[in-house]
Amino acid sequence: MPIIRADTGVITQINVFTVPEGGQQALIDLLREAAMSCRDISGWMSASLHRSLDGTRVVNYAQARDEAAMRRVFEHLRNNGFLDHNKALGEAHPGLYEVALTLE
């Protein structure tokens, strides 16, 4: 389950993909497969996929316990071809983040 709290050490990768018309579901399917393949990586926590209502974007919100775990996830994704497949389905705009503030 995603954790959205400050000062936990959790690292979040937020990747906004721009997809061609009709391309959301293919990318979501690939990202789901990629996330499922990461479940056994030490420190991997969660992945949440979001689709824009206008059909032009997919957002991947993935979390790992720390930067070292996130590096292991990226290495796994790269070595298994997922990063190259992502590029074929949409233009990625990734970034790594830590929670600065939550307000409930």
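Here, every reference points to the structure presented above.
In what follows, the accompanying structure is described. These figures come from a predicted structure and were not determined experimentally. (Residues numbered from 1 in each chain as written. Predicted model: local features only at pLDDT ≥ 70, side-chain atom pairs only at ≥ 80, totals over all residues. Heavy atoms only, no water.)

Let's talk about the overall build of the protein
Then, number 1: From N to C terminus, the protein includes three helices and four strands.
Then, number 2: Ordered by position from N to C terminus, the α and β elements of the protein give β-α-β-β-α-α-β.
Then, number 3: Rg of the C-alpha trace for the protein: 14 Å, near the compact-globule value of 13 Å for 104 residues, within the 12% margin.
Then, number 4: Structurally, the protein occupies a C-alpha span of about 40 × 35 × 20 Å along its principal axes.
Then, number 5: Across the 104 residues of the protein, 38% fall into the buried class.
Then, number 6: Within the protein, contacts between residues at least 6 apart in sequence are counted, and of these 76% link residues at least 24 apart.
Then, number 7: Carbon and sulfur atoms provide 52% of the accessible area of the protein, an area that totals close to 6800 Å².
Then, number 8: When the 10 positive and 13 negative side-chain charges of the protein are each reduced to one mean point, those points stand 4 Å apart. (Helix = DSSP H or I, 4+ residues; strand = E, 2+ residues; numbered from the N terminus. Rg over C-alpha atoms; globule rule 2.2 N^0.38 Å. Buried < 20%, exposed > 50% of the residue type's maximum accessible area, 1.4 Å probe, protein only. Contact = heavy atoms within 4.5 Å. Areas by Shrake-Rupley, 256 points an atom, 1.4 Å probe, with all protein chains shown as cover. Lys, Arg positive; Asp, Glu negative; His and termini not counted. Charge placed at Lys NZ, Arg CZ, Asp CG, Glu CD.)

Here we look at the nonpolar core
Then, number 1: The biggest cluster of nonpolar side chains holds eight residues, and these are Leu30, Ala34, Cys38, Ile41, Trp44, Val73, Leu77 and Phe82.
Then, number 2: Secondary-structure elements contributing two or more residues to this core are helix H1 (24-38) and helix H2 (67-79).
Then, number 3: Setting aside residues no more than four positions away along its own chain, leucine 77 makes contact with Ala34, Ser37, Cys38, Phe82 and Leu83.
Then, number 4: Judged by nonpolar contacts, the second largest core, of six residues, contains Phe17, Leu27, Ile28 and Val58. (Core = buried A, V, L, I, M, F, W, Y, C linked by side-chain atoms within 4.5 Å.)

Some points on the environment of alanine 68
Then, number 1: Here alanine 68 lies in helix H2.
Then, number 2: For the pair alanine 68 and isoleucine 11, spaced 57 residues apart in sequence, the C-alpha separation works out to 9.5 Å.

Observations concerning the sheet that holds strand S4 (residues 91-97)
Then, number 1: Strand order in the open sheet formed by four strands is S2-S3-S1-S4, and the pairing between neighbours is antiparallel. Single-partner strands in this sheet number two, and they are strand S2 (44-51) and S4. Taking each pair of neighbouring strands and ignoring which way they run, the sheet shows an average axis angle of 15°.
Then, number 2: As paired strands, strand S1 (residues 11-18) and strand S3 (residues 57-64) are joined by eight bridges and run antiparallel to one another. The partner of isoleucine 11 across the bridge, within S3, is alanine 64.
Then, number 3: Running over the sheet, H2 touches S1, S2, S3 and S4 and is turned about 40° from S1. (Pairing = 2+ DSSP bridges. Axes fitted to C-alpha atoms, helices over the stretch in contact; angles between N-to-C directions.)

Thoughts on the pairing of S3
Then, number 1: The element S3 is largely enclosed, with a buried count of six among its eight residues.
Then, number 2: Counting the residues in the hairpin turn of S2 and S3 gives five residues, including glycine 55, whose phi is positive at 80°.

Quick notes on the layout of surface pockets
Then, number 1: Space inside the largest pocket adds up to approximately 370 Å³.
Then, number 2: Contributing to the lining of the largest pocket are 23 residues, with Gln13, Asn60, Leu77, Leu83 and Asn86 lying nearest its centre.
Then, number 3: Elements that contribute at least two residues to the lining of the largest pocket include exactly S1, H1, S2, S3, H2, helix H3 (82-89) and S4.
Then, number 4: Residues of the lining of the largest pocket, tallied by class, amount to 17 nonpolar, five polar and one charged. (1 Å grid on protein atoms, 1.4 Å probe; cavity = no way out; pocket = protein on both sides within 12 Å on 5 of 7 lines; lining within 4 Å. Points joined across faces, edges and corners; volume = space filled by probe spheres on them. Nonpolar A, V, L, I, M, F, W, Y, C, P; charged D, E, K, R; others polar.)

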